[in-house]
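# Inside the fold
Residues per chain, in single letters:
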Amino acid sequence: MALYVKKDDDRDEEAEYSPFSGIEKGAVLQEARVFNDPQLDSRRCSQVITKLLYLLNQGDSFTKVEATEVFFSVTKLFQSRDIGLRRMVYLIIKELSPCADEVIIVTSSLMKDMNSKTDVYRANAIRVLCRITDGTLLTQIERYLKQAIVDKNPVVASAALVSGYHLLQTNPEIVKRWSNEVQEAVQSRAALVQFHALALLHQIRQNDRLAVSKLVTSLTKGTVRSPLAQCLLIRYTSQVIRESSMNSQAGDRPFYDYLEGCLRHKSEMVILEAARAITELSGVTSRELTPAITVLQLFLSSSKPVLRFAAVRTLNKVAMTHPMAVTSCNIDMESLISDQNRSIATLAITTLLKTGNESGVDRLMKQITNFMSDIADEFKIVVVDAIRSLCLKFPLKFRTLMNFLSNILREEGGFEYKKAIVDSIVTIIRDIPDAKESGLLHLCEFIEDCEFTYLSTQILHFLGIEGPKTSDPSKFIRYIYNRVILENATVRASAVSTLAKFGAMVDSLKPRIFVLLRRCLYDNDDEVRDRATLYLNTIGGDGSVVETDKDVKEFLFGSFDLPLVNLETSLKNYEPSEEPFDVSSVPREVKSQPFAEKKAAAKKPTGLGAPPAGPTSTVDAYEKLLVSIPEFSTFGQLFKSSAPVELTEAETEYSVNVVKHIFDKHVVFQYNCTNTIPEQLLENVTIVVDASEAEEFEEIATKALKSLPYDTPGQTFVAFEKPEGVPAVGKFSNVLRFIVKEVDPSSGEAEEDGVEDEYQLEEFEVVAADYMLKVGVSNFRNAWESLGPDFERVDEYGLGPRESLKEAVTAVINLLGMQPCEGTEVVAANSRSHTCLLSGVYIGNVKVLVRLSFGVDSGKEVAMKLAVRSEDEAVSDAIHELVAN
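Residues numbered from 1 in each chain as written. Predicted model: local features only at pLDDT ≥ 70, side-chain atom pairs only at ≥ 80, totals over all residues. Heavy atoms only, no water.

## Re the overall build of the protein
Scanning the protein from N- to C-terminus turns up 36 helices and 17 strands. Residues counted as buried form 49% of the 885 residues belonging to the protein. Long-range contacts, defined as pairs at least 24 residues apart, comprise 64% of the intrachain contacts of the protein with a sequence gap of at least 6. Put simply, the protein shows about 44500 Å² of open surface, and 49% of that area lies on carbon and sulfur atoms. (Helix = DSSP H or I, 4+ residues; strand = E, 2+ residues; numbered from the N terminus. Buried < 20%, exposed > 50% of the residue type's maximum accessible area, 1.4 Å probe, protein only. Contact = heavy atoms within 4.5 Å. Areas by Shrake-Rupley, 256 points an atom, 1.4 Å probe, with all protein chains shown as cover.)

Structure, rendered in structure tokens:
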């Protein structure tokens, strides 16, 4: 089959064309026999190797026999002196990855090429040998590789350095012996050699902080000529600055002068890297930012799109933390709104939205209006998010920005784009009270033509919460009832619920809502009819109320604080009987996996659809385990199980961690033990607990572990009694006690006689947070209002000097052990104030909500206002007492 074929005249010019289309592995393997011809055709052999490489890169796999046959055939091509064919041979050998037995066959040819007078052979042979060799063969060719690193030919030196970079992952001890040669290569005049040498030298020393610091100190004195190496050095310098900033005094920033000097480098790449490094410095000041902002401003008017993009992207990041420092670039960025590159234009707009002043908002909106129709949805979402932030920054401009969002909401767009707009409007309504009525009307107008069921139901749900609180709730009834008439069953059911909420909250609308709900009884969908029936029986007709107002509002607006997966599991486990299902039996804790914690980074939710964090495991393994142990079966319902607390260091003889199980009157410590010594068997394993620093706890039961073989986890338990319903705290010391027996490695049998031994473990504490369940709420504001001010307690506290506001917020969250709500655990960089919302359930199943307001002064002194609402006055007081102590 010919490698290249002529395209048909009638083929569409836009169609993708490949000269390899239609080739089959079997046919190519047949063609590979050409490698065995006495008279080699270099051109034809190169074409066959190209086809083989194509098949391998397309995912075709060769059997062991096929790969071996091709490999042995290819080795015969070393006889050819054609340079192009030799390079193809190197490529196919690398891709075939021969086994150790086959490598020996080709090693002699490759080592011969390593010492060839042809530099191209030498460089490629080094790459292939290092790719296919193992540690044993590597020691044999190490001398040649060290010579190649300092070779005068830059191609050969770079090949050896790059090979060393890859070998460092598999044979680090050998590569680390090349430090002197690599250090010499760093002084090379060849740009690429210097770049590769610096990268390898840093990799060798990366775990030695002092060595990296010395490397940076020596190289920043001006010995680096390669722009690529200079960019690497700037990154390593930034790393040293970050690591040293914790130990240096305020204002003392090493190597800053070097970074500033790089802003005057002749290479644009180095200038950009230095500017980016300066802007990303921790705690960077306006004075330090100024030179970097100046050079980035010059790049904004560059004729090269890549420079404009890099500059505006860096400025965009700076605007998030230092918007005032970027305002000098606003005029230049305004000219980029019409840039042909849409990515540049989008970044320019979002940066202007972050840095613009209140007087320029109207002019900026006019420019953006023309721009929005020319960009893709993914860029539009970025702009919408920036507009939301701008509206929260300048609340008096909400009408202009809300009208803009409303207009683009009615234009064409995909689901994610429309959801971003709706989320932004919802956020504005929640945070700017004056925007509530106009924002809700905009959303009502949108659902008239909304094609996305999810968005319609979410808007209706939000309308049911906020609509009744407006000055004229009746204006929304028409929009809601239209959804009952014109929409699909899912939206109709949601509209019925929204109508019921208006009827429950607005007395004057109850008769009208009752009539509308009666009409819904004739709907052809079961869900719609069932909801209408339920709400009619709940609210009552003609303005009468069947239940009390408080019960109705709790039913319609109360937060659902049970994790849905926990409810699902409980329902599946429920066995039908005369006793009805008890909702109070559903665990409320956000469970983690019993023996392995899984952590997931939480993304800050905004707008609609921001539910509380769900559990990472639905199996309540702890409760099943404890109930199965007779000594603990009478302790009642398990309230909470903590995450495992490590009591030993890594890589020790024995691995032990403890899980704290909290009951109303008891605490059970579950010690998870692992024996890491193959030659030992542990028997009668127990934990001796010293509770002298935990006066309110009394030990009542111990369950020993009969046998602990090698690498087989086991559990031993110790139970304590404590005052009922009291959040008792204390410190516990622990000693692992056991009988150790030697194990015969050959037979695996343990000796009959053992020796008593013990192993000291770390201490741990039972703290107040252990008595608090992390339970989120779907809408914090509604949950706060539903609890009411009866048991609210408010006070202010000084938290003393802190490194940052974020550290203070994290410390209080960890102290209370509660669930952050609505993403408020995230603190903006360089923020001077912050509000954090927390929710949880205190021991005794008492709901607790907390508002934390933080502020920090110029001396980094942090003050905090703590507001607590709960179902029990004593619990509110207990939270304040915990913080005060």
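## Focus: unusual backbone geometry
What you tend to see is this: most non-glycine residues have negative phi, and most peptide bonds are trans. Unlike most non-glycine residues, Asp711 shows phi in positive territory, near 60 degrees. With respect to the element layout, Asp711 can be found in the loop between strand 7 (705–708) and strand 8 (714–721). Positive phi, close to 60 degrees, is recorded for Asn845, a residue that is not glycine.

## Focus on a negative patch on the surface
On the surface, Glu679, Glu742, Asp744, Glu749, Glu751, Glu752 and Asp753 cluster together to form a negatively charged patch. Relative to the elements of secondary structure, Glu749 occurs in the loop between strand 9 (730–742) and strand 10 (755–760). On the basis of relative accessibility, which here comes to 55%, the residue Glu749 falls in the exposed class. (Patch = residues over 30% accessible without salt bridge, like charges linked within 9 Å, V, L, I, M, F, W, Y side chains within 5 Å. Salt bridge = Lys/Arg side-chain N within 4 Å of Asp/Glu carboxyl O. Lys, Arg positive; Asp, Glu negative; His and termini not counted. Charge placed at Lys NZ, Arg CZ, Asp CG, Glu CD.)

## Digging into helix 25 (residues 436–447)
Given a rise of 1.5 Å per residue, 12 residues ought to cover 16 Å, and the 17 Å separating the end C-alpha atoms of helix 25 matches this to within 8%. Buried-residue contacts for helix 25 involve helix 23 (398–409), helix 24 (415–431), helix 26 (453–466) and helix 27 (477–486). (Expected span 1.5 Å × (residues − 1).)

## Remarks on the pairing of strand 17 (residues 861–870)
Counting buried positions along strand 17 gives 7 out of 10 residues, so the element sits mostly inside the fold. Across 8 bridges, the pairing between strand 13 (residues 793–801) and strand 17 is antiparallel. Its bridge partner being in strand 17, Val794 is matched across the sheet by Ala867. One ladder, built from 9 bridges, connects strand 16 (residues 846–856) with strand 17; its direction is antiparallel. The residue bridging Val856 from the neighbouring strand is Val862, located in strand 17. (Pairing = 2+ DSSP bridges.)

## Some details on the packing of aromatic side chains
Inspection of every chain in the model, using the stated rule, returns 18 aromatic pairs. Look at Phe697 and Phe720: their rings are 6.5 Å apart centre to centre, the planes differ by 85 degrees, and that puts the pair in the edge-to-face class. Residue Phe697 is located in the loop between strand 5 (680–693) and strand 6 (698–703), and its partner Phe720 is located in strand 8; the two are separated by 23 residues in the primary sequence. Taken individually, Phe697 and Phe720 each receive the classification buried, so the pair is uniform in this respect. Measuring from ring centre to ring centre gives 5.8 Å for Phe780 and Trp784, while their planes differ by 25 degrees; the resulting arrangement is stacked. Pair noted here: Phe780 and Trp784 are both in helix 34 (residues 780–787), with a separation of 4 residues, about one helical turn. The exposure class of Phe780 is buried, given its relative accessible area of 1%. Linked through ring pairs, Phe669, Tyr671, Phe697, Phe720, Phe732 and Phe764 together constitute an aromatic cluster. For Arg86, the ring lying beneath its charged end belongs to Tyr121, and the centroid distance is 4.5 Å. We note Arg851 situated over the ring of Trp784; from NZ or CZ to the ring centre the distance is 4.7 Å. (Phe/Tyr/Trp six-rings, centres within 6.5 Å; stacked < 30°, edge-to-face > 60°. Lys NZ or Arg CZ within 6 Å of the ring centre and 35° of its normal.)

## Some remarks on the pattern of salt bridges
Overall, the coordinates contain 34 salt bridges when judged by the stated rule. The partner of Glu273 in a salt bridge is Arg276, with the nearest N and O atoms 2.4 Å apart. Linking Glu273 with Arg276, this pair stays in helix 15 (residues 268–279), spanning 3 residues, or about one helical turn. Judged by relative accessible area, Glu273 falls into the buried class, the value being 8%. The exposure class of Arg276 is partly exposed, given its relative accessible area of 26%. Here Arg483 makes a salt bridge to Glu487, at a shortest N to O gap of 2.9 Å.

## Structural notes on a nonpolar patch on the surface
Side chains of Leu192, Leu228 and Met269 sit close together on the surface and give an oily, nonpolar patch of about 240 Å² of accessible area. Tracing the sequence through the fold places Met269 in helix 15. Assessed through its relative accessible area of 40%, Met269 is described here as partly exposed.

## Details of the confidence of the model for the protein
Counting all residues, the mean pLDDT for the protein is 82, and 89% of those residues have values of 70 or more. Long-range and interchain partners of residues 1–14, a stretch whose pLDDT sits below 50, account for 12 contacts in this model, where long-range means more than four residues apart. (pLDDT = per-residue confidence, 0-100.)

## Brief notes about the environment of Leu85
For Leu85, the position within the fold is in helix 4 (residues 83–96). Residues Leu85 and Ile49, 36 residues apart in the sequence, show an inter-C-alpha distance of 9.0 Å. What Leu85 contacts, discounting residues up to four positions off in sequence, is Ser42, Cys45, Ser46, Ile49, Leu77 and Ser80.

## So, the environment of Ile700
Summarising the element assignment, Ile700 is placed in strand 6. With a relative accessible area of 39%, Ile700 lands in the partly exposed category. When the C-alpha atoms of Ile700 and Val668 are compared, they prove to be 10.0 Å apart, with 32 residues separating the residues in sequence. Ile700 has contacts with Phe635, His666, Ala719, Phe720 and Glu721, leaving out every residue within four places of it along the chain.

## Re the nonpolar core
Counting 185 residues, the largest nonpolar core has Phe35, Ile93 and Leu353 as its most contacted members. Once residues lying within four places of it in the same chain are set aside, the contact partners of Phe35 are Leu40, Cys45, Val48, Ile49, Leu52, Ser73, Val74, Lys76 and Leu77. (Core = buried A, V, L, I, M, F, W, Y, C linked by side-chain atoms within 4.5 Å.)

## Describing the packing of helix 11 (residues 191–205) against helix 12 (residues 209–219)
Axis separation between helix 11 and helix 12 bottoms out at 9 Å; the angle between their running directions is 150 degrees. Judged by the angle between their axes, helix 11 and helix 12 are roughly antiparallel. Of the two possible hands of crossing, helix 11 and helix 12 adopt the one that is right-handed. Facing helix 11, whose interface residues are Leu198, Leu201, His202 and Arg205, helix 12 presents Ala211, Val212, Leu215 and Leu219. (Axes fitted to C-alpha atoms, helices over the stretch in contact; angles between N-to-C directions. Parallel < 35°, antiparallel > 145°, perpendicular 65-115°, else oblique. Left-handed = near helix turned anticlockwise from the far one by under 90°.)

## Side note on helix 6 (residues 119–132)
With 14 residues, helix 6 extends 20 Å between its outermost C-alpha atoms, agreeing within 8% with the 20 Å of an ideal straight helix rising 1.5 Å per residue. Burial runs high along helix 6: 10 of the 14 residues are buried. All buried positions along helix 6 are accounted for by Tyr121, Arg122, Ala123, Asn124, Ala125, Ile126, Val128, Leu129, Cys130 and Ile132.

## Things to note about the packing of helix 23 against helix 24
Between helix 23 and helix 24, the least distance of the axes is 10 Å, while the angle of their chain directions is 155 degrees. When the interaxial angle is binned, helix 23 and helix 24 end up roughly antiparallel. Helix 23 and helix 24 meet at a crossing whose hand is left-handed. Across the interface between the two elements, Met402, Leu405, Ile408 and Leu409 from helix 23 touch Tyr417, Lys418, Ile421, Val422, Ser424, Ile425, Ile428 and Ile429 from helix 24. Across the contact of helix 23 with helix 24, the residue classes break down as 10 nonpolar, 1 polar and 1 charged. (Nonpolar A, V, L, I, M, F, W, Y, C, P; charged D, E, K, R; others polar.)

## Concerning the side chain of Ser424
Tracing the sequence through the fold places Ser424 in helix 24. Taking relative accessible area as the criterion, Ser424 reaches 0% and is therefore assigned buried. Excluding its chain neighbours within four sequence positions, the residues that come into contact with Ser424 are Val384, Asp385, Arg388 and Leu405.

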